[in-house]
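The chain contents come next:
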Amino acid sequence: MEYKRIVTYVAMLLAVAAATSPAAGLSDQEQLGKNLFFDTNLSEPKGQSCADCHGTEVGFTGPDSTINALGAVYEGAVPGRFGNRKPPAASYAGDSPVLHWNRMWIGGMFWDGRATGWTLGDPLAEQAQGPFLNPLEQNNPSPRAVVDKVLASYYSPLFKQVCGVTYNVTGYYECVARSIAAYERSNEVTAFTSRYDYYLAGKLQLTAQEAQGLTLFEGKAMCANCHTSKPGPNNARPLFTDYTYDNLGIPKNPMNPFYYEPEWNPKGLAWVDEGLGGFLKSNGNSSKVYQPEMGKFKVPTLRNVDRRPSDTFIKAYGHNGYFKSLKQIVHFYNTRDALPTCNPKMAGLMPGVDCWPAPEVSKNINKAEMGNLGLNNTEEDAIVAFLKTLSDGYVQQ
Ligand code: HEC
Ligand code: HEC
């Protein structure tokens with residue numbers, strides 16, 4: 001082998017080893033981030049940590065089956081205060097670029113991109129500064145309140161080691177956020193231990209059904225147009241998102257408790273989640289900028305999309321958790337435009353059986369890549385089988 005090819009070969013071997021080796025120990029900063037992520041004292045009142053809405057056993061999304069089966073949004077530290085969207089995965093989010101425009105909006109964090117990364121240069125760290133202060137989440141009155149709780153915690157020596165000994169609220173609060181982001185990026189959270197990773201590393205074969213699902217995912221069903229499935233440059237492992245935004249035309253989720261929280265949602269049942277467009281509007285952009293983005297949400301990763309503690313555990317899908325199974329959302333992609341709109345009186349009773357309710361936002365719906373895919377039932381099932389290969393924690397015998 002010539003030198004260049006040897007180098008490529010060794011690099012490939014290393015990538016394969018990294019893809020399949022179990023989580024190595026955490027660095028000090030990652031360990032600090034882990035302590036912060038699971039600390040239930042960092043809310044007002046005490047009792048809620050990040051993990052209460054981003055549980056390990058479900059791929060760092062909503063860990064309560066009953067909530068997922070209904071409104072799919074989680075209650076904050078103050079009883080009765082519910083958020084308005086389904087928690088997306090806090091894992092595999094670390095490569096999202098700073099929100100920017102390049103013929104379309106790309107990057108940022110949250111379903112609507114509003115943790116842009118424009119302040120800290122890192123959307124993931126910027127996101128981590130939000131929940132502690134959000135009245136519908138951990139509800140602390142100020143960054144100082146969070147920092148003081150951290151300094152009073154059992155892990156304050158580690159905190160000072162990582163973040164310095166000089167008391168400085170702004171610097172400390174930024175360090176809190178960057179440490180959480182470091183943990184979220186660590187190979188304990190962003191593990192790459194799914195069967196699909198082993199498959200990409202050449203260590204196992206997919207079943208015939210999974211392989212058919214992958215072929216459809218990358219072909220006829222066009223899923224990979226947005227949920228990137230192939231390794232990137234330098235063999236970077238695919239994260240199943242291209243960080244762009246789309247309106248899929250998902251219906252409202254009438255079980256969302258946010259409709260009944262007048263203090264936080266004066267519009268009540270008339271409230272519409274405008275996604276990226278809503279954020280760009282609130283940020284002072286002209287209607288020429290925000291109108292084309294109304295109803296668009298960020299493409300989520302599909303890693304761990306099926307990860308659940310038991311077969312009977314229900315997970316919700318989409319920004320408002322409207323869908324309750326992978327089969328349902330795949331059927332929606334397949335038939336949204338092929339089935340009639342439900343009679344409003346019947347809407348939501350038997351979605352997708354012979355009709356779909358009207359979309360929450362009817363503008364800017366993507367019709368080119370979804371809506372009438374012409375998949376038969378076997379093909380829908382194959383795609384679902386493929387999605388199930390994306391769950392971390394596979395151990396090769
Ligand atoms: C009460 C539930 C709740 C708590 C507590 C909570 N989150 Fe979230 N998280 C959510 C919801 C809901 C969203 C989506 C919000 C949106 O898009 O507007 C979200 C979004 C995120 C995202 C964005 C992922 C992406 O791809 O855009 C990350 C990362 C995240 N949370 C991490 C954290 C961290 C770190 C903490 C603790 C500091 C935390 N969350 C606490 C509910 C929660
Ligand atoms: C044009 C881009 C695009 C294509 C093509 C696409 N998706 Fe998506 N996908 C998205 C966006 C955007 C969302 C979030 C939309 C929302 O919540 O309003 C999403 C959400 C999902 C979710 C929910 C994940 C979660 O955590 O809630 C699943 C599952 C999914 N897509 C699977 C698929 C499959 C399977 C296909 C092919 C049949 C597909 N997607 C095709 C953009 C796309």
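Residues numbered from 1 in each chain as written. Chains lettered and ligands numbered in written order. Predicted model: local features only at pLDDT ≥ 70, side-chain atom pairs only at ≥ 80, totals over all residues. Heavy atoms only, no water.

Enquirer: Help me understand the site of ligand 2 in this model?
Expert: In the vicinity of ligand 2 lie 26 residues, with Cys-223, Cys-226, His-227, His-319 and Tyr-333 positioned nearest. Interatomic distance of 2.8 Å between a side-chain N/O atom of His-227 and a nitrogen atom of ligand 2. Sorting the residues of the shell around ligand 2 by element identifies strand S4 (297–298) and helix H12 (326–335) as the ones contributing at least two each. At three residues, the largest contribution of residues to the shell around ligand 2 is made by H12. Here the residues of the shell around ligand 2 are counted per class, giving 18 nonpolar, four polar and four charged. (Near = heavy atom within 4 Å. Polar contact = N/O pair within 3.5 Å; in protein donor to acceptor, adjacent residues only side chain to side chain. Helix = DSSP H or I, 4+ residues; strand = E, 2+ residues; numbered from the N terminus. Nonpolar A, V, L, I, M, F, W, Y, C, P; charged D, E, K, R; others polar.)

Enquirer: Just to check I follow, could you spell out the site of ligand 1 for this structure?
Expert: Taken together, 27 residues surround ligand 1, and among them Cys-50, Cys-53, His-54, Arg-85 and Phe-110 come closest. The side chain of His-54 places a nitrogen or oxygen atom 2.9 Å from a nitrogen atom of ligand 1. For ligand 1, an oxygen atom lies 2.8 Å from a polar atom in the backbone of Trp-111. Elements supplying a minimum of two residues to the shell around ligand 1: helix H4 (123–128) and helix H7 (169–185).

Enquirer: Where do I start with the state of the cysteines in this structure?
Expert: Joining two cysteines, a disulfide is a covalent bond between their sulfur atoms. Summed over all chains, the structure comprises two disulfides. With a sulfur-sulfur separation of 2.2 Å, Cys-342 is cross-linked through a disulfide to Cys-355. Its S-S torsion of about 95° marks the bond between Cys-342 and Cys-355 as right-handed, since a negative value means left-handed. Highlighted residues: Cys-342 in the loop between H12 and helix H13 (377–387) and Cys-355 in the loop between H12 and H13, separated in sequence by 13 residues. Judged by relative accessible area, Cys-355 falls into the buried class, the value being 13%. Here the disulfide map of the protein chain reads 1-2, 3-4, the bonded cysteines being numbered as they appear in the sequence. (Disulfide = S-S within 2.5 Å. Buried < 20%, exposed > 50% of the residue type's maximum accessible area, 1.4 Å probe, protein only.)

Enquirer: Even after reading the chapter, I still don't get the coordination of the iron atom of ligand 2, so can you show me in this structure?
Expert: In a perfect tetrahedron of four donors around a metal, the angles come out at 109.5 degrees. In a perfect octahedron of six, they are 90 or 180 degrees. Note on the iron atom of ligand 2: its protein donors are His-227 (NE2) and Tyr-333 (OH). The metal-donor distances range over 1.8 to 2.1 Å. Around the iron atom of ligand 2, the six donor atoms sit at angles spanning 87 to 180°, and that spread fits a shape best called octahedral. Of this pair, His-227 sits in the loop between helix H9 (208–218) and strand S3 (245–246) while Tyr-333 sits in helix H12; the two residues are 106 residues apart in sequence, bridging distant segments of the chain. Judged by its relative accessible area of 9%, His-227 is buried. (Donors = N, O, S within 2.8 Å, 3.2 Å for Na, K, Ca; no water. Tetrahedral: all angles 85-135°; square planar, octahedral: opposite > 155°, others 65-115°.)

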